Amino acid sequence: MKKSRIIPEDLVHYRWISQPVISAKGQVAYVEQTIDQVKNEYNTQIRGISLDGTEDVALTHGTKDTSPAWSPDGSELTFIRSTQAGRGLWSLQTEGAEPTMLISPEYKIISYIWSPDGKYIAFTSKVQLNTVERLDDEKPSTESTELVALSTTVLRGKVYERTTPKEEGSGWWDGQYSHLFLYELHGGQITQMTPELWNITTPVWSPDSLNLAFISKQAKEEGMDPDLQYHTDVYMVHVEEKGEAEPVKITDSSLQIGQFSFTPDGKQLILIASDRKFGSGSHHRLYTIPAQRGMPRLFAPELDMQIGNAALGDMKSASASPSPVISRSFPQQGVYVLGTHHGNVDVYQIESDGSWEVITPAGEKDVYQYTLSADERTLVVAALTDTHPGELYIVDTGSRTMSRLTRRNDEFMNKRIVNVPKRIQFSSSDGRLVHGWLAMPDIRSKEKFPLILQIHGGPHAMYSGSYSHEMQTLIAEGYAVLWINPRGSMGYGQEFAQACRGDFGGGDYRDLMEAVDYVLTSYSILDESRLGVAGGSYGGVMTNWIVAHSNRFRAAVTQRCISNWLSMYGTSDIGISYVEGVVGGNPAEHAEFLWSRSPLAHAHKIDTPLLIMHGEQDYRTPIAQAEELYTTLKRYGKTTKLIRYPGSNHSLLKSGKPSLRVDSFEQVNAWFKQFL
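Residues numbered from 1 in each chain as written. Predicted model: local features only at pLDDT ≥ 70, side-chain atom pairs only at ≥ 80, totals over all residues. Heavy atoms only, no water.

A. Inspection of the overall build of the protein chain at higher detail. A tally of regular secondary structure across the protein chain gives 12 helices and 39 strands. Here the C-alpha atoms of the protein chain give a radius of gyration of 26 Å, agreeing with the 26 Å that 2.2 N^0.38 yields for 676 residues. Along the first, second and third principal axes, the C-alpha set of the protein chain runs to 75 × 70 × 50 Å. Going through the 676 residues of the protein chain one by one, you find that 55% of them count as buried. Considering only intrachain contacts with a sequence separation of at least 6, the fraction spanning at least 24 residues in the protein chain is 57%. Per element, the accessible surface of the protein chain, about 29,500 Å² overall, is 49% carbon and sulfur. For the protein chain, the distance from the average site of its 64 positive side-chain charges to the average site of its 80 negative ones is 7 Å. (Helix = DSSP H or I, 4+ residues; strand = E, 2+ residues; numbered from the N terminus. Rg over C-alpha atoms; globule rule 2.2 N^0.38 Å. Buried < 20%, exposed > 50% of the residue type's maximum accessible area, 1.4 Å probe, protein only. Contact = heavy atoms within 4.5 Å. Areas by Shrake-Rupley, 256 points an atom, 1.4 Å probe, with all protein chains shown as cover. Lys, Arg positive; Asp, Glu negative; His and termini not counted. Charge placed at Lys NZ, Arg CZ, Asp CG, Glu CD.)

Take a look at the structure:
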């Protein structure tokens, strides 16, 4: 069978696999996301498959079903179904039967978790507090009814007093707080467990089902600003108190906690957290703390690795790293976590003595989610490889062997040519080992290939060698594509991860340029006269910086970029923390430094044709960053084009409207074709 090259429109054929969960009876449920081309949106449904790979069937038939979870005895599968009314919780007790609604969609459930004894389901939901008071205490008279009705339709200004009143992906703050609720399976009673101004995430049950713990950030001391506090804490409530008592703080406000789990005996918590010593460039590490309060202690303190998944890519529909999974025989056996290391994300087992072992076998992969069977003999992982989009794999924890469980993308992928990247590494001019990948087209040509340098976002993230639609569409057009992890990337130790802080456009710039030098010297098939550069977010600011300081590239594409650190400070949802913590200053005290490191200050020197692409609802790197750059380039008569994507935020290339994602790939290909 003749295979065809991958084109941008092929995005609609993928099936994104995520959220695997194993029942006590050994059945795996997972979420499959597909694209509805007519509605230009994503559909999700729950599927089920046995551990031997048979009977891969649809368990639900909604178009917005996610978050599957098995009851403790494995007899019942619950899931969240989204409708126009909201997000409700549904239950499926027999395969083939119609699901029943447990919790109304009006609760707009964010997340939920079964109690170990199967009697309760804890869930989180947002609550609107009535903070608007009447200007006077008089009730309107009957004569003024018409006036009152009229006044309710009058638009008024939206008032904000928070330091950071907006958030990427959520928009401007709506005054709602996320709270913890308890649903009783017997009787259906729902109780709110947290009072007043709580914002909570990640509810976790104690093993005896008597307590619920969760993560929150409280700033109750006078003068504290929660938007400027980067720590989070674990709090606990007793189930029998039914929300009548204030939650008890367990941790000491010294860590930014992402996920946590109870040890099987309920006496300790295992945290995935950061001490923020190097700001956003700080590793997430493992900590233990007594469940009845105490000081956190590093678990495996000698391990110099980012815990969790820090790999970027456009082929993951769910990117949240799971909580640590703790062995039933803890502390004799250790903790299962994801680890980001040298361009791969694998499942690691970390022991209390500090030793560690990779559970998933060697090879290019990005494991983004996993689940462990009750007997701890089997891991089911959701992973990308260098040759294939995300699927589920079975890992034998004893033999460390891995085999494919699902094959949802095989029919499409068997008809396409996949260009597998090759790992490269070189020593930078100051002696750092820099690692990346180079992919060549499969085209037989007497001419040399043009080369495109791709730069990842972050900067504290990591490229992997795993399958990427974006990369494959470029390679299929006849370009060699290079992507590396310059200093500042996760996966190469704490010192490497924080090495770009305060030095934007310094060592990271040299790493990128020296990577191009290395492959041009090593591969004679590459054409040094036809070079392109592209990147998004941090990759966008570095693209801008590169073309403002070098004319060696014949074309460039900058997406969701930053051009001006001075304006970024006050307009981004992370402007204060990012500009102060990563770039190294603020406009009041370091304006000259920030301007000198802003690509906009050097934009008049840009001669490389530059395509600028940005989402109009981007709150992480607001679209004004693109507009400032575009206006300056046009003022100086430079070759440029601005493409604005309506209704799109910072995640356009990963989860934006399918048609806009396809268009963005096509626009990039057309730009490089025009100039390379």
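Read on, since the account is not over.
B. Seen up close, the side chain of T378. With respect to the element layout, T378 can be found in strand β29 (residues 378–385). Apart from residues lying up to four places away in sequence, T378 is in contact with I22, L51, T371, L372, S373, I394, V395 and T397.

C. Just the sheet that holds strand β3 (residues 41–50), in detail. Ordered by their spatial adjacency, 4 strands build an open sheet running β1-β2-β3-β4, and the pairing between neighbours is antiparallel. Only two strands of the sheet have a single neighbouring strand rather than two, namely β1 (16–22) and β4 (57–58). Across 10 bridges, the pairing between strand β2 (residues 27–36) and β3 is antiparallel. Residue pairing for β3: V31 is matched across the bridge by I46. (Pairing = 2+ DSSP bridges.)

D. Representation of the pattern of salt bridges in the model. For the structure on display, the rule yields 27 salt bridges. E364 is the partner of R423 in a salt bridge, and the nearest nitrogen-oxygen pair spans 2.5 Å. Taken together, the residues R423 in strand β32 (residues 422–427) and E364 in the loop between β27 (356–358) and β28 (365–372) connect sequence positions 59 residues apart. Its relative accessible area of 33% is what places R423 among the partly exposed residues. Each of D430, R432, R487, E495 and D511 takes part in salt bridges that share partners, so that together they form one network. (Salt bridge = Lys/Arg side-chain N within 4 Å of Asp/Glu carboxyl O.)

E. How the structure looks around the sheet that holds strand β9 (residues 109–114). Judged by pairing direction, the sheet is antiparallel, and its 4 strands sit side by side in the order β9-β10-β13-β14 without closing on themselves. Both outer strands of the open sheet, β9 and β14 (190–192), are each paired with one neighbouring strand and no more. Strand-to-strand twist in this sheet, taken as the mean axis angle between neighbours without regard to direction, amounts to 30°. Across 9 bridges, strand β10 (residues 120–128) lies against strand β13 (residues 176–184) in antiparallel orientation. When the sheet's bridge partners are listed, I121 is paired in β13 with Y183. (Axes fitted to C-alpha atoms, helices over the stretch in contact; angles between N-to-C directions.)

F. Main features of the pairing of β3. In terms of burial, β3 is largely enclosed, as 9 of its 10 residues are buried. Hairpin geometry of β2 and β3 is characterised by an intervening segment of 4 residues between the two adjacent antiparallel strands and by a positive phi of about 55° at N40. Where β3 and β4 come together, 2 bridges link them in antiparallel fashion. Looking at β4, one finds that G48 is bridged to V57. Between β3 and β4, which follow one another and run antiparallel, lie 6 residues, and G53 among them has a positive phi close to 90°.

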